[in-house]
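Report on the structure
Listed below, chain by chain, are the residues.
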Amino acid sequence: MYFDLTGKVAFVVGTAQGMGEGVLRRFVGAGAYVIGTDIKAELGQEVADSLPGKCEFHQLDVTDEMAVKSIMENVKEKHGRIDILVNCAGTITPEIPVEDLEMKDVRKVMDVNYFGTFHTIKYALPIMPDKSAIVNTSSLGDIAAMPGYGAYGPSKAAITNLTKTVAMEQAHRGLRCNCISPGSMNTPMLYAEGVETEVKVAKYAWPLGRFMEPEEAVAIIHALSADDCLYLTGQNIIIDGGYMAGTSPAGLAKWAE
Ligand SMILES: NC(=O)c1ccc[n+]([C@@H]2O[C@H](COP(=O)([O-])OP(=O)(O)OC[C@H]3O[C@@H](n4cnc5c(N)ncnc54)[C@H](O)[C@@H]3O)[C@@H](O)[C@H]2O)c1
């Protein structure tokens, strides 16, 4: 079977909802055993309970370095290794210009998005065998800056660069590290308080004329995690419905009006 994950132990962050939940479900479907984690305990447990025997759930705040270290030690004891690490946790601020952003909010976004990703990679690497895979979540906000995203965009740019750095450091043992950069995706984050522009412009901004569904990003994460793609590392896969390729026909028509 192509993209088979049978026998793989996957550690996924952010599995209570949205894209991370989709990764957990898809990986289980492809044969992996998934260790799901999220700061939201109740929702995360519900997701795991719907797939008995195929996954487990642990509440984890990825900003807590010692908690990440400790869970990785427990995973080593129980499962011996992590074959696939996927970082899907993320947070965003309302759309606020840089001069009005509160530093505590900027730090929170950096903490969850960048340091959270750094923590899991740092503590998972020692228990990841050769030829294993890491997939991080950056954002189109790294490549194409958007007004109001002065905390979120840079936190994602840092993830893209960390991805490349880890890819270089681990290349000698065939361990691959890639990230994805989704455009607007139909998950709870898109409807977060104060994040309104993306929803309003969807029809015009995206050449495909719609948001991405989380399963469409999950499919790419699956491919990046599977042994079918052993020659792909250090890449940032942009999943944007054609946004970076040119001007969307609907957007052009709107401009012309
Ligand atoms: N939805 C979009 O339009 C979009 C676009 C580009 C990138 N992304 C990125 O995709 C990833 C998945 O996001 P999503 O759209 O599914 O959003 P989401 O808000 O639905 O899910 C994010 C998950 O991360 C968890 N989380 C937040 N803080 C955490 C912490 N400190 N520790 C552990 N878990 C924590 C949340 O509880 C939630 O379950 C994120 O990295 C996000 O930045 C989303």
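Presented here is a report on the structure given in the accompanying data block. Being a predicted model, the structure only gives us computed values, none of them experimental. (Residues numbered from 1 in each chain as written. Predicted model: local features only at pLDDT ≥ 70, side-chain atom pairs only at ≥ 80, totals over all residues. Heavy atoms only, no water.)

**Here's the deal with helix α4 (residues 103–124)**
Look at α4: 30 Å from first C-alpha to last across 22 residues, which is about the 32 Å you get at 1.5 Å a residue. Maximum bend of α4: about 35°, positioned at D111. Burial in α4 covers these residues: V106, V109, V112, N113, Y114, G116, T117, H119, T120, I121, Y123 and A124. Contacts made by the buried residues of α4 are with β1 (9–13), α3 (65–79), β4 (84–87), β5 (133–137) and α6 (152–170). (Helix = DSSP H or I, 4+ residues; strand = E, 2+ residues; numbered from the N terminus. Expected span 1.5 Å × (residues − 1). Bend = angle between axes of the 7 residues up to and from the residue. Buried < 20%, exposed > 50% of the residue type's maximum accessible area, 1.4 Å probe, protein only. Contact = heavy atoms within 4.5 Å.)

**Focus on the side chain of S184**
Here S184 lies in the loop between β6 (176–182) and α7 (197–205). Residue class for S184 comes out buried when judged on its relative accessible area of 4%. Looking at S184, its side chain comes within polar contact range of the side chain of E198, at 2.3 Å. In contact with S184, not counting residues within four places along its chain, are L190, E198, W206, F211 and M212. (Polar contact = N/O pair within 3.5 Å; in protein donor to acceptor, adjacent residues only side chain to side chain.)

**Comments concerning the packing of α3 against α4**
Packing of α3 against α4 leaves a shortest axis separation of 9 Å and a crossing angle of 35°. When you trace α3 past α4, the crossing you get is right-handed. Of the residues in α4, those touching α3 at E65, M66, V68, K69 and M72 are H119, T120, K122, Y123 and A124. Class assignment for the residues of the contact of α3 with α4 results in five nonpolar, two polar and three charged. (Axes fitted to C-alpha atoms, helices over the stretch in contact; angles between N-to-C directions. Left-handed = near helix turned anticlockwise from the far one by under 90°. Nonpolar A, V, L, I, M, F, W, Y, C, P; charged D, E, K, R; others polar.)

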